[in-house]
Amino acid sequence: MAQAIQIGNVNPFAVTQAVDLSDEEIQRLWVAISGNEQGSVYRPKSPMPLFLLGGKGSGKTHWMRYHSFALQRLRYEGRSVSCLKGLSEDGYLGIYVLLGSLNAERFQNHGQSPEVWRALFAYYLELWLAQELLQVLVRLCQEEPSVCQAESEICAAIMGLLGGELDEVVETFEGCLNLLSRMQAKIDLAINNIMFDGDLKIKIRVTPGQLVFGIPKVLKRKIPALRNVAFAYHLDEFEIITEDQQKHINTLIRERSSPSTFRVGGRLWSIKTRYTYKANEENKEGSEFETWYLDRRFRQSKSQWIKFSYQLIQKRLEVAGLGSSGKITRSQIDALFDVPDLGWDSDFVRERISARNHLTRFERKAKAGLKSNLLPGANSERDVEAILHHIENERFPLLEKVNILLLYQAWFRDENLVRRSVQVRTECRGFQTRPHRAGKYQRAVQHYGSDLLAQLFREDRKRQSLHYGMKTFIRMSEGLPRSLLNLLKQIFDWGIYNRSSDRISQISTSDQDLGLQECAEWFLTTMRKSGEQEVAIVTAIERLGQLFEVNRFADKPVECSLLGFSVRERDLATPVQERLRLAEQHSFLIRISRGEIDRNTKERVS
């Protein structure tokens, strides 16, 4: 039997955002979704540009950083392989940047025309991406003699890409880097002082793509080991930049030339336009680019999401040094959480239900129905007492609730409730004898058990969560790794804070409750920033929640464990369609790809 994990002062889930992790941590915490890395959907060496989209915390940044040169180099060191050999084997070189670092909002207004800002942004982006690539070359030159031998020739070719006369001769990558850095600094200075100077006196030396595509072409010619290597620019946080700026990057994607390509990461709502400055043509998926929705892929396979989640947690725990020896197992992870038995025959449930308010409520309704001649099959209060006698089950409150539900359903169908109550008693006794035998009663317990349990606790005025344990947390996170990590962060924080000894081996239900509550508040706070429609979207989601709550606590729920709905979107008003789209893009709603079949038209709806 595996030894229990001991939790001390360190929370292995303290850091939940990939931008806050070091290169070494990104590498150590990496978990592949499925298959080998080179054959993954990401296809890092493919010349086809890729948009990697997903909800907040779906893992986009982790994926893009993992396939960047900084992480590639770490892997080469671990394999004792030279960078050039490693790049040749990988077939790609990743250049990762955060578009948020551009401070893109600077490139607008201040009395300048949109055309001026468009040209200046394009020039600035060229210098910025070229510097990122030059930093890679500086590193390669330090480690690879063949790169050093070609350094002066490569620098001369790069200087040839810059238009106009230059006052200096540059023969090293460091020199090229410093020159471009000074050019960028001049732009920064001019933008920062435009309110005072009133003009931008910048000499633009390159056309769009001249450095971004030109430098990789030079490297392909001058360094034999890079001749079959794709230079992939990883542009993260696409949602940060403006529509005009996205249009420029779309133009680069459309006019890309080998060996350069792009990987663009952003939220589900990040795409402001697909149009380009190339005769205002629109980029088409499958022709100019591909799209991969990361969280949707997680949701397509429940088994893959569960496997990935456990591996993600295993890595965190192992990196934190919580495994005594070897790999941490699933059973060890499951054992970290106190999970009460919430089954129909649970002592945990029976001990917490002191009153039988549900039976009293049904009796009151039955007598009211009798008085109004609306209780089918019952002619007197003696009949009502017989019905109550048949369905009562003091030992198992949940089964008593199931019995009442079955009678409500029979009442709705106008069946004889006296006869039906006798049948229910027989079915209940049969279920208690053989609970795993398939049948109508067994299905009722299975389908409605969670809702009826929630009703029991509410009727008895007990604040009792039904969500405990790793399997439940994985299911709740719905394809968003950061939601899972943040949930565990909050739970572990409370477990560590409330521990009664230096180390604990299990987190209590009360600490899980506290963590769940804080995580829910975090989710609502971070996801609700939905722009101008924020109030309308949040209001709509709250109303949906109220509708689902009414169903869950109804005497005869229409659906069991109601969590979703189907709608024919084309029939909705345009503003409603827009709010539905935004709610999905901000992960308030999750689209089920297979949809549902309309009972009347037999049409598939979303």
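Along each chain, numbering runs from 1 in the same order as the chain's sequence is written. For this predicted model, a pLDDT threshold of at least 70 governs which residues receive local features, and a threshold of 80 or more governs which side-chain atom pairs are given and counted, while totals over whole chains, interfaces and linings are taken from all residues. To obtain the side-chain values, all non-hydrogen atoms of the structure were used and water was disregarded.

Undergrad: Break down the overall build of the protein chain for me, with residues and values.
TA: Counting secondary structure elements, the protein chain contains 25 helices and 7 strands. For the C-alpha atoms alone, the extent of the protein chain along its principal axes is close to 105 × 60 × 45 Å. Counting over 606 residues, the protein chain shows a buried share of 48%. Of the contacts made within the protein chain by residues no fewer than 6 positions apart, 75% connect residues no fewer than 24 positions apart. Reported accessibility uses the Shrake-Rupley method at a 1.4 Å probe radius. Residues are deemed covered only where the shown protein chains occlude them. Total accessible area on the protein chain stands at roughly 30500 Å², and carbon and sulfur atoms take up 48% of it. In this tally, Asp and Glu contribute negative charge and Lys and Arg positive charge; neither His nor the terminal groups of the chain are included. Charge coordinates come from a single atom per side chain, which is NZ of Lys, CZ of Arg, CG of Asp or CD of Glu. The distance from the centre of the 85 positive side-chain charges to the centre of the 76 negative ones in the protein chain is 5 Å. Going along the chain from the N terminus, every DSSP run of H or I of four or more residues is numbered as a helix, and every run of E of two or more is numbered as a strand. Each residue's exposure class comes from its accessible area (1.4 Å probe, protein chains only) as a fraction of the maximum for that residue type: buried when under 20%, exposed when over 50%, partly exposed otherwise. By definition, residues are in contact when any of their heavy atoms lie within 4.5 Å.

Undergrad: Let's hear about the layout of surface pockets: which residues, and what values?
TA: Points on a 1 Å grid over protein atoms alone make up a cavity when a 1.4 Å probe fits among them but cannot get out, and a pocket when they form an open set with protein on both sides within 12 Å along at least five of seven lines; lining residues each have an atom within 4 Å of a point. Grid points are joined across faces, edges and corners, and a volume is the space filled by probe spheres set on the points. For the second largest pocket, the calculated volume is near 490 Å³. Elements that contribute at least two residues to the lining of the second largest pocket include exactly α2 (60-66), β4 (260-267), α12 (294-300), α13 (302-319) and α22 (481-497). It is α2 that provides the largest number of residues to the lining of the second largest pocket, a total of 4 residues.

Undergrad: How would you summarise the sheet that holds β4 if you had to cite specific residues and measurements?
TA: Within the open sheet, the 5 strands sit side by side as β2-β3-β4-β1-β5. Their pairing is parallel. Two strands in the sheet have a free side with no partner beyond their single neighbour: β2 (92-98) and β5 (290-293). Strand-to-strand twist across the sheet, computed as the mean angle between neighbouring axes with direction ignored, equals 20°. Direction of pairing for β2 relative to strand β3 (residues 230-236): parallel, over a ladder of 7 bridges. Among the inter-strand pairings, Tyr-96 is bridged to a residue of β3, identified as His-234. All axes here are fitted lines through C-alpha atoms, helices being fitted over the stretch that makes contact, and every angle between N-to-C directions spans 0 to 180 degrees. Packed onto the sheet, helix α11 (residues 243-254) meets β1 (50-54), β3 and β4 and runs at close to 145° relative to β4. When DSSP locates at least two bridges between a pair of strands, those strands are taken to pair.

Undergrad: Before we move on, can you summarise the nonpolar core with the specific residues and values?
TA: Only buried Ala, Val, Leu, Ile, Met, Phe, Trp, Tyr and Cys residues count toward a nonpolar core, and they belong to the same one when joined by side-chain atoms within 4.5 Å. Leu-93, Phe-173, Leu-219 and Phe-262 are the most contacted members of the largest nonpolar core, which has 72 residues in total. Counting residues per element, this core draws most heavily on helix α5 (residues 114-143), which supplies 17 residues. Ignoring any residue separated from it by four or fewer positions in sequence, one finds Leu-219 in contact with Leu-133, Leu-137, Ile-154, Leu-226 and Phe-231. Counting 47 residues, the second largest nonpolar core, distinct from the first, contains Tyr-96, Phe-337, Phe-492 and Ile-496.

Undergrad: How would you explain the packing of aromatic side chains if you had to name every residue and give the values?
TA: Two aromatic rings from Phe, Tyr or Trp, using only the six-membered ring of Trp, form a pair when their centres are within 6.5 Å; if the ring planes differ by under 30 degrees the pair is stacked, by over 60 it is edge-to-face, and anything between is tilted. Enumeration over the complete set of coordinates arrives at 24 aromatic pairs. When the centroid spacing of 6.0 Å and the interplanar angle of 25° are considered together, the rings of Trp-305 and Phe-308 count as stacked. Note that Trp-305 and Phe-308 are positioned in helix α13 at a spacing of 3 residues, about one turn of the helix. Seen in terms of ring centroids, Trp-344 and Phe-396 are 5.0 Å apart; in terms of plane orientation they differ by 70°. Their pairing is edge-to-face. Note that Trp-344 is positioned in the loop between α14 (330-334) and α15 (347-352) and Phe-396 in the loop between α17 (381-391) and α18 (397-412), a separation of 52 residues in sequence. Its relative accessible area of 17% is what places Trp-344 among the buried residues. Through pairs of rings, three or more aromatic residues link up here, namely Phe-13, Phe-337, Phe-473 and Phe-492. Directly above the aromatic system of Tyr-66 lies the positively charged group of Arg-75, at a separation of 4.0 Å from the ring centroid. Here, a charge over a ring means that NZ of Lys or CZ of Arg falls within 6 Å of the ring centre while also lying within 35 degrees of the ring normal.

Undergrad: Would you mind going over the environment of Leu-125 in detail, with residue names and values included?
TA: Structurally, Leu-125 can be placed in helix α5. In the structure, Leu-125 is positioned 172 residues away from Arg-297 in sequence and 32 Å away in space, judged by C-alpha atoms. Those residues in contact with Leu-125, other than ones at most four positions away along the chain, are Leu-102, His-248, Ile-249 and Leu-252.

Undergrad: Could you give an account of the pairing of β1, naming the residues involved and the relevant values?
TA: Within β1, 5 of the 5 residues are buried, which leaves the element mostly enclosed by the surrounding structure. The side-chain alternation of β1 yields two buried faces, one formed by Leu-50, Leu-52 and Gly-54 and the other by Phe-51 and Leu-53. Where β1 lies against β4, 5 bridges are found, and the strand directions are parallel. Of the residues in β4, the one forming a bridge with Phe-51 is Val-264. With 4 bridges joining them, β1 and β5 adopt parallel strand pairing. Each residue of the ladder has a partner; that of Phe-51, found in β5, is Thr-291.

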